[in-house]
Amino acid sequence: MITLAVLAALVGGGLLGIRSLVRSGPDQAQPGCRAAIGPTGYPLDLEQAASASTIAAIGKRLAMPDHAVTIALATSLQESGLHNLDHGDRDSVGLFQQRPSQGWGSVGQIMVPRYAATAFYQRLVRLPSWQTLSVAEAAQAVQHSGAPTAYANWEPEARVLAQVMTGETAEGLSCTYPDPVKTGTSRLITQGIADDVGPPGVDKVIPPAQGWTLAAWLVGHGHLLGIRSVSFAGMTWRPAGGGWMPGTAAPGAVHADTRPCCGG
């Protein structure tokens, strides 16, 4: 186990994406994100990045293998395009278009991404030998869709997203948005990490993959929290630049730097 550094400077109120020095990223003039492994990458809007990072974080928190995260991401890509929809076919809503009438929970519950992702994984693990099923087969067995083969169309993108969001690939997520101006408290980020990623959070020694899962979550939710920078394993991401660059944080430390709201 090695130590990693995570620095999140929060800017602005509100609730809760990473380009390396040599990797291409989103146009700095346009808010958006990119998940990439080497030359293979996919664009995401800011909401999609937040959704994908939550789905992945919940999967890792539940000790699900990366195959499960790929299945979940492919399902959400097909069902909602990784958008938390408040409408759908019949009574379907949310990231996975889950139906209250089919026992997925209330509309209010399903519209919480953390709840929806947890519910999906819980049904997935009830499938006999789900680990040996293809992405499309497993997704269909959970969703009972009228288009059972459509999930396969999203498998390549879902695999890249899963590797990036679960920390299997470092510096794989980049997001660009205007640099926040106001500063905020640490309460929202602390609660968000506790709800989605789980312990140990920041200021703790954690393994590399777990650290990069947390870093991806912070970047993916940066536009919602007003995050000004994320530093991890000696690298720093800032939303105005959109990419990861060598930073000053000690690579052996886990640290969160927050500031009080509005200069108070």
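Conventions adopted
- Residues numbered from 1 in each chain as written.
- Predicted model: local features only at pLDDT ≥ 70, side-chain atom pairs only at ≥ 80, totals over all residues.
- Heavy atoms only, no water.
- Pairing = 2+ DSSP bridges.
- Helix = DSSP H or I, 4+ residues; strand = E, 2+ residues; numbered from the N terminus.
- Axes fitted to C-alpha atoms, helices over the stretch in contact; angles between N-to-C directions.
- pLDDT = per-residue confidence, 0-100.
- Contact = heavy atoms within 4.5 Å.
- Disulfide = S-S within 2.5 Å.
- Buried < 20%, exposed > 50% of the residue type's maximum accessible area, 1.4 Å probe, protein only.
- Parallel < 35°, antiparallel > 145°, perpendicular 65-115°, else oblique.
- Nonpolar A, V, L, I, M, F, W, Y, C, P; charged D, E, K, R; others polar.
- Salt bridge = Lys/Arg side-chain N within 4 Å of Asp/Glu carboxyl O.

A.B. asks: I'd like a rundown of the sheet that holds strand E2 (residues 32-37), residues and numbers included.
C.D. replies: Spatially, E3-E2-E4 is the arrangement adopted by the three strands of the open sheet, whose pairing is antiparallel. Only two strands of the sheet have a single neighbouring strand rather than two, namely strand E3 (40-44) and strand E4 (173-176). The mean angle between the axes of side-by-side strands here comes to 20°, regardless of whether they run parallel or antiparallel. Direction of pairing for E2 relative to E4: antiparallel, over a ladder of four bridges.

A.B. asks: So what about the confidence of the model for the chain? Which residues, and what values?
C.D. replies: The pLDDT averaged across the chain works out to 83; a share of 80% of its residues lies at or above 70. The model gives residues 253-257 a pLDDT under 50, and that stretch makes 25 contacts with residues more than four places away or in other chains. This model gives residues 259-264 a pLDDT under 50, and the stretch forms 11 contacts once residues within four places in sequence are excluded.

A.B. asks: Give a description of the state of the cysteines that names residues and reports values.
C.D. replies: Applying the stated criterion across every chain, the model contains one disulfide. Across a sulfur-sulfur distance of 2.0 Å, Cys33 and Cys175 are joined as a disulfide pair. Residues Cys33 and Cys175 are joined by a disulfide whose S-S torsion is about 105°; by sign, that bridge is right-handed. Remark: Cys175 occurs in strand E4 and Cys33 occurs in strand E2; sequence separation between them is 142 residues. Cys175 matches Cys33 in its accessibility class, with the two residues each being buried.

A.B. asks: Describe helix H6 (residues 155-165), naming the residues involved and giving the relevant values.
C.D. replies: Turning to H6, its buried residues number three or more, namely Glu157, Ala158, Val160, Leu161, Ala162, Val164 and Met165. Next to the buried residues of H6 lie E2, E3, helix H1 (46-61), helix H2 (66-80), E4 and helix H8 (208-220). Two residues or fewer past H6, Gly167 is found with a positive phi of approximately 85°.

A.B. asks: So, the packing of helix H4 (residues 113-124) against helix H5 (residues 135-143): which residues are in play, and what are the values?
C.D. replies: Two elements in contact, H4 and H5, have axes whose closest approach is 9 Å; the angle formed by their N-to-C orientations is 105°. When the axis of H4 is compared with that of H5, the two are roughly perpendicular. Two secondary-structure elements touch here, H4 through Phe120, Arg123 and Leu124 and H5 through Ala138, Val142 and Gln143. Grouping the constituent residues of the contact of H4 with H5 by class yields four nonpolar, one polar and one charged.

A.B. asks: Which residues make up the pattern of salt bridges, and what values do they have?
C.D. replies: Tallying each qualifying case throughout the model produces six salt bridges. Ionic pairing is found between Asp66 and Lys60, a salt bridge with its closest N-O pair at 3.0 Å. Look at Lys60 and you get partly exposed, because its relative accessible area is 33%. Arg114 is the partner of Asp196 in a salt bridge, and the nearest nitrogen-oxygen pair spans 3.6 Å. You can see Asp196 sitting in helix H7 (residues 187-197) and its partner Arg114 sitting in helix H4, a full 82 residues away along the chain.

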